[in-house]
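# Chains, contacts and geometry: an overview
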Amino acid sequence: MKKYYNVYRIDKENLDLINVFGSEDRKEIANYLNIRLDNLSKYTTKDIDKAPNKTKILNNEHYLIMIDND
């Protein structure tokens, strides 16, 4: 089973998630968010109801990663 990682931006006003990037490559995701690969799991969740430990802040916007298993 392959994992696909989706990066979502969190809209501050209504807390909607907006898909901004996706990849099967963990390194691509880490580079996109400007985080170290070994810290990827801190920003990752499998279920939107379970928030990750952290959200990544870029340009005053918050991002998280969700895993979509195929």
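Right, let's walk through the structure included here.

With that out of the way, let us pick up unusual backbone geometry. Phi is positive for Leu15, close to 60 degrees, though the residue is something other than glycine. Note that Leu15 resides in the loop between strand 1 (3–10) and strand 2 (17–23). We classify Leu15 as exposed; its relative accessible area is 63%. Positive phi, normally seen in glycine, also occurs at Asn34, with a value near 60 degrees. Positionally, Asn34 belongs in the loop between helix 1 (26–33) and strand 3 (44–45). With relative accessibility at 59%, the residue Asn34 sits in the exposed group.

What counts, and where the lines are drawn
Residues numbered from 1 in each chain as written. Predicted model: local features only at pLDDT ≥ 70, side-chain atom pairs only at ≥ 80, totals over all residues. Heavy atoms only, no water. Helix = DSSP H or I, 4+ residues; strand = E, 2+ residues; numbered from the N terminus. Buried < 20%, exposed > 50% of the residue type's maximum accessible area, 1.4 Å probe, protein only.

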